[in-house]
Amino acid sequence: MDQLQPDEQLAQQQQYEPTDDTSANDVWNYVVFVVFVVVSALLPIRKRLCRRNTNSKSKQDYVFGAGHISTLAMMLSIARGTLGVISVLGYPSEFFYRGSAMWESLYGVITAYPIVCFVFIPVYFDLGITSVYQYLELRFNSRLVRCLASGTYILRTLLSLGVTIYTPTVALNTIIGVPYWVSLLAITLISIFFNALGGLKAAVAADVIQSLSMTAMLVGIIIYCSITVGGVDKILTISSDNDRFAFFNFAADLHLRVTTTSAWLGELFNSLSLLGCQQNFVQRYLSMPTFSQIRRTLMLNIPVVILLFSLPWFVGMAIYAIYWHCDPLKASVIAKMDEILPYFMVDRFDNVPGVWGIFVGTLFNGALTINISNINSLATVTWEDFLSLIPALRSSSEKHQLNVIKLVGTIYAVLIMGVGFIVGLLSGVIETSMLIISATSGPLLGVFVLAMFIPFANWKGAAMGMIASHLSIMWIVVGRLIESNVSDTLLDTSIEGCYADLMEAQKNASLLVVMALEEGVNAVETSTLLNRIYSITFLYYGVFGTVLTVLAGVVISLATWSSHDAYNMKMLHPAVRWLYSRCPFNGKHIGSFEVGADYGAGTKDVVPKC
């Protein structure tokens, strides 16, 4: 195996230190960064910029793209969610310091696609809705349930986007020295401009450009590392010999950070909530003209998702093969795990003009496109679920309604920037935000399960189920953050290939590990029932939230059903309607609920009676 000598290692680490002199390579990198961002941002709206009448776009075209989006473009746009900025920086560091266990969450993503395609989409497609949360109002005859679901989505998206747009600012500040506020302001201004001129079609085009550029960058890193260490087989061997592969661990302990079961089941519920109940994805499905095209797009997307999801993990494997004997974090060359990929780019390509400029530009543009895409969906949900209730706005012209939607998108862009500033000012906010976001998946998925599959569920059960689930999961999250000593053990790394003066850092790190282990033993000995609950892995939050929502919704619905809760049976899934008409309890009471005896006659609009 080809290994770098200690002198070479130290020399490369010293390259990471910034200098006062701006070299020609730095100039080239700045130019490449600016050109890449500008071109990739303007290409999707080039036709729009060339139009003289910039107000000709209709609201339907802005929201749904008017059916002019190709299947391939839609596939890449939907799959784009699996290759975000956070995954590109987070998955390589996850593999480097924790191994491949979290990689198995891919099983949940793959399982979610056919369920969304054949369970959720048939219910939405024939209803002619603009906001997916409009379906909940039609099903439960309740604006409250619709607003709870919309508010959950808006809150989750705002927090998620705040973290997303903050992520590339770290790389920009570390590598180029751009202040955080400059990067956040630039992303916000470009997003506002793009949102005003674009719409869904432009957002999908931006997703396509970003998917292709980010894929090319990751593939290039893998090729470079393969050549450097002597082949792909060497990369696999190094990872295997150092215990980085951890697949098929079916341990039943809920407190382990990740197992095969928790990764698959947790990601399945989170993906169902994301792909089946979130506006920005459903908005893309409904922009396609036929259900067969939706089905074809989602099914063909599975291998694309597998590739895009796995690429960052292969990058982590490749980078580990480079630094396995000289860990930059343990050697105190970098301060955080997520800096391993930016460090690699500067360490290895600082003397190659334009390379890290493309890398930083890709991260910046990745955050930008995700921001733009979700701003479009946030504005649409806010209009359909809240602002359209105002009589003056509802009766206004379509042009005026479109302008209001764009103004709402602008306000959201500013709010997201504010969240990004908060993430940068307060320590630990990233982890807190991610925990809150994952905790919202269960209540959102649970209320859609109640709507589609529980015929006797009413608005009181749905609303109380969501509220009870939110409060319960948030209680666990807050307890986890405040009182629980959650284990976050990292795998062993080495600095034996580094210079001798760095060995002291290794000794200090070893001492800290011993102290942490001793504290962990003490924590286990004095653990309470509450601490055991708080230390449950966050991967199960979506599962618990869904189950709590459904159980509470079923109990409350059975206890409170009345004739005012009648609804159109077409709101149920077709398979549920078929089974329901042949239910053995037909004509009998279930709590305060009675099934209409005439439903079996085949009339679609028959409603339950009490």
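Everything below is about the structure printed above this text.
Cut-offs and rules
Going along each chain's sequence as written, the residues are numbered from 1 onward. In keeping with the predicted nature of the model, local features appear solely for residues at pLDDT of at least 70, side-chain atom pairs appear and are counted solely at 80 or more, and the whole-chain, interface and lining totals rest on all residues. Hydrogens are left out, water is left out, and the side-chain values use all remaining heavy atoms of the structure. For helices the rule is a DSSP run of H or I covering at least 4 residues; for strands it is a run of E covering at least 2, with both sets numbered from the N terminus onward. Only protein chains enter the calculation, and the probe is 1.4 Å; a residue is then buried if its accessible area is under 20% of its type maximum, exposed if over 50%, and partly exposed in between. The contact rule is simple, with two residues in contact once any of their heavy atoms fall within 4.5 Å. Every case where a carboxyl oxygen of Asp or Glu lies within 4 Å of a side-chain nitrogen of Lys or Arg is listed as a salt bridge. Every axis in this analysis is a line fitted to C-alpha atoms, fitted for helices over the stretch in contact. Angles between the N-to-C directions lie between 0 and 180 degrees. For classification, angles of less than 35 degrees are called roughly parallel, those exceeding 145 degrees roughly antiparallel, those between 65 and 115 degrees roughly perpendicular, and all remaining angles oblique. The hand of a helix crossing depends on one turn: near helix anticlockwise from the far one by less than a right angle means left-handed, and clockwise means right-handed. Under the scheme applied, nonpolar residues are Ala, Val, Leu, Ile, Met, Phe, Trp, Tyr, Cys and Pro; charged residues are Asp, Glu, Lys and Arg; polar residues are all the others, including Gly. Here a pair means two rings of Phe, Tyr or Trp (six-membered ring of Trp) with centres within 6.5 Å. Their orientation is stacked below 30 degrees between planes, edge-to-face above 60, and tilted elsewhere. Charge over a ring is defined by NZ of Lys or CZ of Arg lying within 6 Å of the ring centre and within 35 degrees of the ring normal. To form a nonpolar core, buried Ala, Val, Leu, Ile, Met, Phe, Trp, Tyr and Cys residues must be joined to one another through side-chain atoms within 4.5 Å. Take the residue count of a helix, subtract one, and multiply by 1.5 Å to get its expected span. Any pair of nitrogen or oxygen atoms within 3.5 Å is treated as a polar contact; in protein, a donor-acceptor pairing is required on top of that, and neighbouring residues in sequence qualify only through side-chain atoms on both sides. Distance thresholds for patches are 9 Å for like charges and 5 Å for nonpolar side chains (Val, Leu, Ile, Met, Phe, Trp, Tyr), applied to residues having over 30% relative accessible area and no salt bridge. Note on areas: these come from Shrake-Rupley sampling with a 1.4 Å probe, and a residue is covered only by the protein chains present in the view.

(A) Quick look at the overall build of the protein chain. Across its full length, the protein chain carries 26 helices and 2 strands. Out of the 610 residues belonging to the protein chain, those deemed buried represent 53%. In the protein chain, of all internal contacts separated by at least 6 residues, the share reaching a separation of at least 24 is 85%.

(B) View of the environment of lysine 336. Mapped onto the fold, lysine 336 is located in the loop between helix H15 (291-323) and helix H16 (340-349). For lysine 336, a relative accessible area of 55% puts it in the exposed group. In the structure, lysine 336 is positioned 243 residues away from serine 93 in sequence and 9.4 Å away in space, judged by C-alpha atoms.

(C) The pattern of salt bridges, seen in detail. Within the structure shown, the criterion is met by 8 salt bridges. Put simply, arginine 146 and aspartate 385 hold a salt bridge, and the shortest N to O gap is 2.5 Å. Within this pair, whereas arginine 146 is found in helix H9 (residues 143-176), its partner aspartate 385 is found in helix H17 (residues 355-385), the two being separated by 239 residues in sequence. The salt bridge involving arginine 348 is made with aspartate 347; its shortest N-O contact spans 3.8 Å. A single salt-bridge network, built from bridges that share partners, covers Glu137, Arg143, Arg146 and Asp385.

(D) Geometry of the packing of H16 against H17. With their axes 9 Å apart at the nearest point, H16 and H17 run at an angle of 160° to one another. On the basis of the axis angle, H16 is roughly antiparallel to H17. Between H16 and H17 lies a crossing whose hand is right-handed. In contact with Leu341, Pro342, Met345 and Phe349 of H16, H17 contributes Val355, Trp356 and Phe359. Of the residues that constitute the contact of H16 with H17, the class distribution is 7 nonpolar, no polar and no charged.

(E) Spatial organisation of unusual backbone geometry. At aspartate 243, a residue that is not glycine, the phi angle is positive and equals roughly 60°. Assignment of secondary structure puts aspartate 243 in the loop between helix H12 (232-241) and helix H13 (260-277). Judged by relative accessible area, which is 60%, aspartate 243 ranks as exposed. In this structure, phenylalanine 248 takes a positive phi of about 55° despite not being glycine.

(F) Here's a closer look at the packing of aromatic side chains. The tally for this structure, following the rule as stated, stands at 25 aromatic pairs. Plain terms: the ring middles of tyrosine 124 and tyrosine 135 are 5.9 Å apart, the flat faces sit at 80° to each other, and that makes the pair edge-to-face. In this pair, tyrosine 124 sits in helix H7 (residues 106-125) while tyrosine 135 sits in helix H8 (residues 134-140), placing the two residues 11 residues apart along the sequence. In this structure, tyrosine 124 and tyrosine 135 share a single accessibility class: buried. Grouping aromatic residues by their ring pairs yields a cluster made of Tyr91, Phe95, Trp103, Phe245, Phe247, Phe248, Phe309, Trp313 and Phe314. Arginine 139 extends its terminal NZ or CZ atom over the ring of tyrosine 567, reaching a point 3.8 Å from the ring centre.

(G) Here's a closer look at the nonpolar core. Tyr124, Tyr135, Leu136, Tyr285, Phe344 and Phe448 are the most contacted members of the largest nonpolar core, which has 143 residues in total. Looking at this core, the element that brings in the most residues is H15, giving 16 residues. The residues touching phenylalanine 448, leaving out its near neighbours within four places in the chain, are Phe120, Tyr124, Val132, Tyr133, Tyr135, Leu136 and Cys277. Formed by 5 residues, the second largest nonpolar core is a distinct cluster that contains Ile473, Ile476, Val477 and Tyr541.

(H) Inspection of the side chain of serine 494 at higher detail. Along the chain, the position of serine 494 falls in the loop between helix H22 (459-482) and helix H23 (503-525). Residues in contact with serine 494, not counting those within four places in the same chain, are Trp324, His325, Cys326, Asp327 and Lys330.

(I) Summary view of H17. With 31 residues, H17 ought to run about 45 Å at 1.5 Å a step, and its terminal C-alpha atoms sit 45 Å apart, in line with that. Most of H17 is tucked away, with 29 of its 31 residues classed as buried.

(J) Layout of the side chain of aspartate 385. Owing to a relative accessible area of 0%, aspartate 385 belongs among the buried residues under this scheme. Here serine 150 takes part through its side chain, which lies 2.3 Å from a polar atom of the side chain of aspartate 385.

(K) Local environment of the packing of H7 against H15. Between H7 and H15, the shortest axis-to-axis distance is 10 Å and the interhelical angle comes to 165°. Relative to H15, the element H7 is oriented roughly antiparallel. H7 and H15 meet at a crossing whose hand is right-handed. From H7, Leu106, Val109, Ile110, Tyr113, Pro114, Val116, Cys117, Phe118, Ile121, Pro122 and Phe125 reach across to H15, where they touch Phe291, Ile294, Arg295, Leu298, Met299, Asn301, Ile302, Val305, Ile306, Phe309 and Ser310. Of the residues that constitute the contact of H7 with H15, the class distribution is 19 nonpolar, 2 polar and 1 charged.

(L) Looking closely at the environment of asparagine 351. When you line up the elements, asparagine 351 lands in the loop between H16 and H17. When the C-alpha positions of asparagine 351 and asparagine 25 are compared, they lie 6.5 Å apart, and in sequence the two are 326 residues distant.

(M) Broad picture of a nonpolar patch on the surface. A cluster of nonpolar side chains, contributed by Val232, Leu236, Phe245, Phe247, Phe248 and Phe250, occupies part of the molecular surface with about 600 Å² of accessible area. Tracing the backbone shows phenylalanine 250 in the loop between H12 and H13.

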